[in-house]
Amino acid sequence: MAQDDLPNGFTGFANRKPAGFESAASSMHRTAGPDAYKTAMSTFGEASSWGANNAFQYARDHARPDADQAPATFDPDELRAIPALDRRWSWVEIDLNAIRHNAMAYKQRIGAGRRLMAVVKADAYGHGAVRCARTALNSGAEYLGVATVQEAIELREALVNAPILVLAEPPITAIPLLLGYKVMPSVYTPEFAIAYAEAADAMGLRAPFHLAVNTGMNRIGVRYDEVVEFMMQVGFHRALDLVGTFTHFATADHAETLDFQIQLKRFIEAVGALRAAGIDPGIVHSANSAAGMRYPDSFFDMIRLGISLYGFHSCRETRSMVDLVPAMSVHARITDVRTVPMSEGVSYGLNYRSPGSVKICTLPIGYADGYCRGLSSRVSVVYEGRLCRQAGNICMDQCMFEVDMRSSALRPRLDPQIGDEVVLVGSQGDACVTIDEMATLLGTIPHEVAIGFGCSRLPRIWR
């Protein structure tokens, strides 16, 4: 049987053309014209369709269970109970002890009498907002910071009762949600402030907020030399309650300090102007993760702990100041192992060529899961305590790595098997792969890489 004559599923035999059909049809096209050719092809198509339908019916009849046998049934609850790790062999692990360690390290650094805000926006930088918020609050944090109203609502619905600040001014249409869920907004436009106060007053409520001050980052906030004027515009309203005043530094994580010092000076002036005008600024805060280590003058009443809560240094200057423990690791299990002959390629583009004496192992994780395509053939994974080179272009859902099959007295041969665990981020034995290394290769910051893994479709496990 020729290759073209091989059956294809249920319809393969039905789609086979009679012997000599192609040559006869071609001759008809030449001698009788295109109309006769189309008629013949149409006739064959109808016959083929009939054959396909009957072949499918035949297959169904033979697949049918015995009349006395009950049809197969599945319990939806049992199916739902199958763990995520049994559905796909790739996952993220979050070490909550690391979160606890990092929060306590900063709490000790800022000293007694100052508050610690745990910033859990973007699902806690991909680490899981609810779990991380609870852990941080149990480790010395008193406040929570989020980026959106919805992030705050998710915390409230998980029965997290600490004060929550939205670190930007929400839309006016979100005001009922702020009041209903007891979430504080940042405020910097008079229109929002008055609408917020009016809505609260109509319900017999207070309207607590933090005043955002623009000291030079020029992203959000009331200009530092206009804060008194702003408060005179809105402060008359009896429902408004100024709970805090803050700014955000643009260069706290840079080696150069001039711009930072300018912003800090402007913020001190703004807070001083409020107090001179008889306005209580409430909780004064400005320090982020970097400033919370480097600049004690910026601590004020509270620091906002963001990326360092999850074990990442925002700049090299803080590495010697505090010992942080990364909380995230990324894991997968091998789904395929094959020997690829020398010079044959692997993955899209065949950019990787086998050097020989290697096995190529496949993992069910790709750039849709945060394992960025820009890392292709530039990173390693950890298998059996050894670094193994990632091989070929990282695909949307899968990637490959090579295992060197050569051995020596000091380097025993590895024997990869389907189901073996591999670490893509984290350590195993003396071998380690870090998100910091990935961020450097990608020309970005660890925030982006961690969020990519944590906010993807990978299931998360908290330890």
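Quick caveat: nothing in here was measured; it's all calculated off a predicted structure.

### So, the nonpolar core
Here is step 1: The biggest cluster of nonpolar side chains holds 125 residues, and the ones touching the most others in it are L211, I365, Y371, F401 and F453.
Here is step 2: Sort the elements by how many residues they give to this core and helix α4 (residues 96–110) lands first, with seven residues.
Here is step 3: Those residues in contact with Y371, other than ones at most four positions away along the chain, are I365, G366, V379, S380, V381, Q390, I394, C399, L424, M438 and F453.
Here is step 4: Within the second largest apolar cluster, eight residues are counted, among which are V340, I360, C395 and M400.

### Some remarks on the pattern of salt bridges
Here is step 1: Per the counting criterion, the structure on display carries 14 salt bridges.
Here is step 2: With a closest N to O distance of 2.8 Å, R223 and D225 form a salt bridge.
Here is step 3: Three or more residues are tied together by salt bridges with common partners; here these are R88, D369, D397 and R457.

### Let's talk about helix α11 (residues 258–276)
Here is step 1: For α11, which comprises 19 residues, the first-to-last C-alpha distance of 27 Å matches the rise-based estimate of 27 Å (1.5 Å per residue) to within 8%.
Here is step 2: Restricting attention to buried positions, one finds in α11 the residues F260, Q263, L264, F267, A270, V271 and L274. For α11, the angular spread of the buried residues around the axis is 125°, confining them to a single face. Exposed side of α11, more than 90 degrees from the buried face: L258, K265 and A276 are the residues found there.
Here is step 3: Contacts from the buried residues of α11 go to β6 (207–214), α10 (227–234), β8 (240–246), β9 (283–287) and α12 (291–294).
Here is step 4: Of the residues one or two after α11, G278 is the one with positive phi, at around 80°.

### Regarding the confidence of the model for the protein chain
Here is step 1: Overall, the predicted model of the protein chain reaches an average pLDDT of 89, with 85% of residues at or above 70.
Here is step 2: Below pLDDT 50 for its whole length, residues 1–34 participates in 29 contacts with residues either more than four positions away or in separate chains.
Here is step 3: Segment residues 36–41 is flagged for pLDDT under 50; beyond a separation of four residues in sequence, or across chains, it makes six contacts in the model.

### Overview of the pairing of strand β5 (residues 184–187)
Here is step 1: Burial of the side chains of β5 extends over both faces: M184 and S186 are buried on one face and P185 and V187 on the other.
Here is step 2: Once you follow strand β4 (residues 164–166) into helix α8 (residues 175–181) and on to β5, the crossover reads as right-handed.

### Quick look at the packing of aromatic side chains
Here is step 1: Summed over all chains, the structure comprises seven aromatic pairs.
Here is step 2: Seen from their ring centres, Y125 and Y310 are 5.0 Å apart, and the 35° between their planes marks the pair as tilted. One end of the pair, Y125, is in helix α5 (residues 121–126); the other, Y310, is in the loop between β10 (302–305) and β11 (328–333), and 185 residues separate them in sequence.

### A few points about a nonpolar patch on the surface
Here is step 1: On the surface, F74, L79 and I82 cluster together into a nonpolar patch covering about 310 Å² of accessible area.
Here is step 2: Along the chain, I82 falls in the loop between α3 (76–80) and β1 (90–94).

### Notes on the environment of Y352
Here is step 1: Examined against the element boundaries, Y352 turns out to sit in strand β14 (residues 352–353).
Here is step 2: Through-space distance from the C-alpha of Y352 to that of Q390 is 9.8 Å; in sequence the pair is 38 residues apart.
Here is step 3: In contact with Y352, not counting residues within four places along its chain, are E344, G345, V346, V358, I360, R389, A391, G392 and E402.
Here is step 4: Engagement of the side chain of Y352 in a polar contact is seen with the side chain of E402, the distance being 2.4 Å.

### Observations concerning the pairing of strand β3 (residues 143–146)
Here is step 1: Going residue by residue along β3, you find Y143 and G145 tucked away on one face and L144 and V146 tucked away on the opposite face as well.
Here is step 2: Here strand β2 (residues 115–119) runs beside β3; their pairing, made up of three bridges, is parallel. Bridge pairing in β3 links M117 to Y143.
Here is step 3: As paired strands, β3 and β4 are joined by three bridges and run parallel to one another. Residue pairing in the sheet places V146 in a bridge with V166 of β4.
Here is step 4: Crossover handedness for the path β3 to helix α7 (residues 149–157) to β4: right-handed.

Definitions and cut-offs
- Residues numbered from 1 in each chain as written.
- Predicted model: local features only at pLDDT ≥ 70, side-chain atom pairs only at ≥ 80, totals over all residues.
- Heavy atoms only, no water.
- Core = buried A, V, L, I, M, F, W, Y, C linked by side-chain atoms within 4.5 Å.
- Buried < 20%, exposed > 50% of the residue type's maximum accessible area, 1.4 Å probe, protein only.
- Helix = DSSP H or I, 4+ residues; strand = E, 2+ residues; numbered from the N terminus.
- Contact = heavy atoms within 4.5 Å.
- Salt bridge = Lys/Arg side-chain N within 4 Å of Asp/Glu carboxyl O.
- Expected span 1.5 Å × (residues − 1).
- Arc of directions from axis to C-beta.
- pLDDT = per-residue confidence, 0-100.
- Right-handed = clockwise from strand over helix to strand, strands pointing away.
- Phe/Tyr/Trp six-rings, centres within 6.5 Å; stacked < 30°, edge-to-face > 60°.
- Patch = residues over 30% accessible without salt bridge, like charges linked within 9 Å, V, L, I, M, F, W, Y side chains within 5 Å.
- Areas by Shrake-Rupley, 256 points an atom, 1.4 Å probe, with all protein chains shown as cover.
- Polar contact = N/O pair within 3.5 Å; in protein donor to acceptor, adjacent residues only side chain to side chain.
- Pairing = 2+ DSSP bridges.

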